[in-house]
Every structure is written in structure tokens, then in C-alpha cells.
Amino acid sequence: MWVRNCWYVIAWDHEISANALFTRTVLDEPILVYRTEGGELVAMQDRCCHRHAPLSRGRREGDCVRCGYHGLKFAADGVCVEAPGLASIPVKARVRTYPVVSHNKWIFVWMGDPSLADRALLPDNFSCDHPDWRYKPGYVHYDTPYLLVCDNLLDFSHLSYVHEGTLGGSTAIAQAVPRIEKVPRGIRVTRHVPDVPPSPFWKSFQIFDSNVDRYFVYDFLLPGTLLMKSGGAPVGQADGEQFGGVQLHSCQALTPETATTTHYFFQQSHRSSIADPAVTETIYRGLVTAFEEDREMITAQYLNIDPEARMLPLAMDAALVQYRRLLQEEVEREQRAPQAG
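Counting starts from 1 at the beginning of each chain's written sequence and moves along it residue by residue. Given that this is a predicted model, residues contribute local features only at a pLDDT of at least 70 and side-chain atom pairs are listed and counted only at 80 or more, while totals for whole chains, interfaces and linings are drawn from all residues. As a rule here, side-chain values come from all non-hydrogen atoms in the structure, and water together with hydrogens is ignored.

1. Focus: the overall build of the protein chain
- A count of helical and extended segments in the protein chain gives 5 helices and 18 strands.
- In this treatment the radius of gyration is a C-alpha quantity, and the globule benchmark scales as 2.2 Å times the residue count to the 0.38 power. Since a compact globule built from 341 residues should have a radius of gyration of about 20 Å, the 22 Å found for the protein chain is in line with a globular shape.
- The principal-axis extent of the C-alpha atoms belonging to the protein chain is close to 80 × 50 × 35 Å.
- Considering the protein chain as a whole, with its 341 residues, one finds that 50% of them fall into the buried category.
- For the protein chain, contacts bridging at least 24 residues in sequence account for 57% of all contacts bridging at least 6.
- Charge separation in the protein chain, taken as the distance between the mean sites of 33 positive and 41 negative side-chain charges, equals 6 Å. Per the convention used, a helix needs a DSSP run of H or I reaching at least four residues, while a strand needs a run of E reaching at least two, with both numbered from the N terminus. Buried means the residue's accessible area, taken with a 1.4 Å probe over protein chains only, is under 20% of the maximum for its type, while exposed means over 50%, and partly exposed covers the values in between. Two residues form a contact once any of their heavy atoms are found within 4.5 Å. Counted as positive: Lys and Arg. Counted as negative: Asp and Glu, with His and the chain ends omitted from the count. Working definition for charges: the position is that of NZ of Lys, CZ of Arg, CG of Asp or CD of Glu.

Here is the structure:
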């Protein structure tokens, strides 16, 4: 169940170097991404129209790509401009191209109707490229369907158990009832957890001498983007680092690779006022450890699912149920829309 008329993250900006041919599969489609000599991004199907060899196994020639199998050369618009041994090039000798943009260090591709590609639909992942925030970029590959990872992010009660020794640290997280609101193309989940010990994750980069009031506020947007403010402060204090608290901002994006595999791009930023690079590295390492805990659990869940048996819905599933309903409605809306051409 995939929405196509939307932006999917295909890479971090630093992954697309000046002269390289970068390839990654999105929605079961192999996509080649590269930069022109002028620095413009190009995204085209990583499949030569001739014998379907990966164009990423070829080479750059100026702003063009030459297939490494039989030498067909394609311009940045996907049109074949040279076919060795042919007096004329067939009109059909071309490969599909995709709208592609760089936005706050994420590279996005539009997987649907190119005429509908709208930059206004890009998520506000501001902390990925803002002087007030520092982070180290991350990526995880899942051998599970992306909706299972969405479910995980939509229900933070699992922090109390999957991440007991890392991000969680208290069963009070699972006991706190979240507030769920609709936002454009998604939902907002707010969870306050008062008077709890700081998590082991927090204590890895900061010293505390009291319990804290914690909060998680995030928007989860189509097609699978989490934008979250989280943190807290000593009990009864206003939120803010000046009171010995923690302020974090996280941007996470899920992109289906295939029906059963997923790309997961993530970062968690801290305020630039904390200039110690060791803090940035500690936060990144803490996330990598915690997300491996997620991956192990979700993979075990996926392998254990009985497709003939229904899962038992519980109250804690409210956010993921709402999101899946929203996703289904968007998929159905696209299916009802007139097809281009």
C-alpha cells in the first residue's frame, strides 16, 4: 500500500558525490541519481531500455550516462542521444526520469505523476540544515515492510520495554496516554511523561541530579516522515537547557525499497550551544544502538506474523490505526484520479 504522488527520501545529500553514479531502489524501482557538471541533480530509472542492464554499472560522460553493456548514451532527460552501430536512434530509446530535489540535506524523488510534483509537499525537516542544531546523519536498512516500522514510530509505548536500557528507562512512558490530532497529510502525537528518572540515553551525554518531566511531540506525515521535538527538564522547571534540561529535534524518514524491505533515514539534533563534538557522537551512537533494538524486534515480529490470524487491536494502537486509515484514503484517492496521458 504505497502512495505514489509524494516525495520519498532516497539519500542523504552527502551520499551523492560530484562524479559518482548512485543507485537505490524505491517502491521496487531501481533509481540512478547523479549530479550534472553544474551541480544539478538527475534521477532516472537505473535500467537501460535496451537489455535492462543497470546504468549505474556504466559511466558518466559530461552530463550524460553511458550504459556499460552496449554503450547507449542517455542525456539527463532520459533520451538516448547515441547508440553505437545504429544510423538512427529509435524514438522509444529513452529511460524514465523522476523529479528530484535536495531539501535540507535530504534528496527526495517524486514517484508518481511528474506534473503533480509539488515542492510545497516537502516536509519541514529544518534541523537537518540549520545553524541552531547539530547532528550526525544515520541510515538503517530493514528487511521488513515499511508499515511495520511506521507502526513502531507511531506508538512510543514500546520505549518502556524495547528500549528499557536506552531511550526509555521508565514504564511510565507506556502508561502515559498520548494526545492524537490531525494535521495536513498526517497526525500529531503528543505524550507528556512527568516525574521520571532520566533515560540511560540522556545520562550518556548529560549529568542529572533529579527526576525529570519528559515530552515527545511529533508529526507523522505521508508517506512516512517523523518530525519530532523531544526533551524535558528537572521536575517542575520550565523546559530548556538553562534549567539543566534536554532539547532535541529529530527527523526520520521511511522509504519502501520493496514490499518487504525499507530504507530508514534518521537524525537526532541537539542545540548548537552544546559545542562538544563528543555529545553529537554520543547521541548518534545511542540512536544506532536503540534503532538496532527496534530492528531486531520488528524483524522478529515480521517473521512471526501469521497472515491468517488478525492482530488484536488495543487502545495503544490509536495513532497507527489513524495513520493507516489516512494512508489507505490517499491510495484510494490516487486510484480514482484520472490517469495522465
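Here the narrative resumes, following the displayed structure.
2. Here we look at helix α5 (residues 318–336)
- Between the first and last C-alpha of α5 there are 27 Å, a value that for 19 residues agrees with the 27 Å anticipated at 1.5 Å per step.
- Here the buried face of α5 lies against α1 (146–154), β13 (179–183), β14 (186–196) and β15 (212–221). Here the expected span of a helix is defined as 1.5 Å times the quantity of residues minus one.

3. Some thoughts on the state of the cysteines
- Cysteine sulfur atoms are paired as a disulfide whenever they fall within 2.5 Å. Taken as a whole and assessed by the stated rule, the structure comprises 0 disulfides.
- With no disulfide of its own, C49 lies 4.8 Å from the sulfur of C48, the closest cysteine sulfur.
- Between C251, a cysteine without a disulfide, and C128, which holds the nearest cysteine sulfur, the sulfur-to-sulfur distance is 3.9 Å.
- The class of C251 is buried, set by a relative accessible area of 0%.

4. Digging into the pairing of β15
- Burial within β15 is extensive, with 9 of its 10 residues counted as buried.
- Bridging between β14 and β15 involves 9 bridges; their strand directions are antiparallel. In the strand pairing of β15, V193 is matched with R214.
- When DSSP finds two or more bridges between two strands, those strands count as paired. Between β15 and strand β16 (residues 225–234), which pair antiparallel in sequence order, lie 3 residues; one of them, G224, sits at a positive phi of approximately 160 degrees.

5. Things to note about the pattern of salt bridges
- By convention in these notes, a salt bridge is any Lys or Arg side-chain nitrogen within 4 Å of a carboxyl oxygen on Asp or Glu. Applying the stated criterion across every chain yields a total of 18 salt bridges.
- In this structure, E61 and R66 form a salt bridge, with 2.6 Å as the shortest nitrogen-oxygen distance.
- Measuring nitrogen to oxygen at the nearest pair gives 2.7 Å for the salt bridge that ties R333 to E330. With R333 and E330 both in helix α5, this residue pair falls 3 residues apart, about one helical turn.
- When its relative accessible area of 43% is taken as the criterion, R333 is described as partly exposed.
- Note on E330: relative accessible area 11%, which makes it buried.
- Here the residues in one salt-bridge network are R59, E61, R66, K73 and E82, joined through shared partners.

6. What about the nonpolar core?
- What is meant by a nonpolar core is a set of buried Ala, Val, Leu, Ile, Met, Phe, Trp, Tyr and Cys residues, joined one to another through side-chain atoms within 4.5 Å. In this structure, I31 and F220 are the most contacted members of the largest nonpolar core, which totals 64 residues.
- Sequence-distant contacts of F220, defined by excluding residues within four places in its chain, comprise C150, L153, L154, R185, G186, I187, T225, L226, L254 and Y323.

7. Notes on the sheet that holds strand β6 (residues 64–66)
- What the 4 strands build is an open sheet, ordered β5-β6-β7-β8; its pairing is antiparallel. Edge positions in the open sheet fall to β5 (59–61) and β8 (80–82), since each of these has one partner strand only.
- Note: β6 against strand β7 (residues 73–74), 2 bridges, orientation antiparallel. Across the sheet, residue V65 finds its bridge partner in β7, namely F74.

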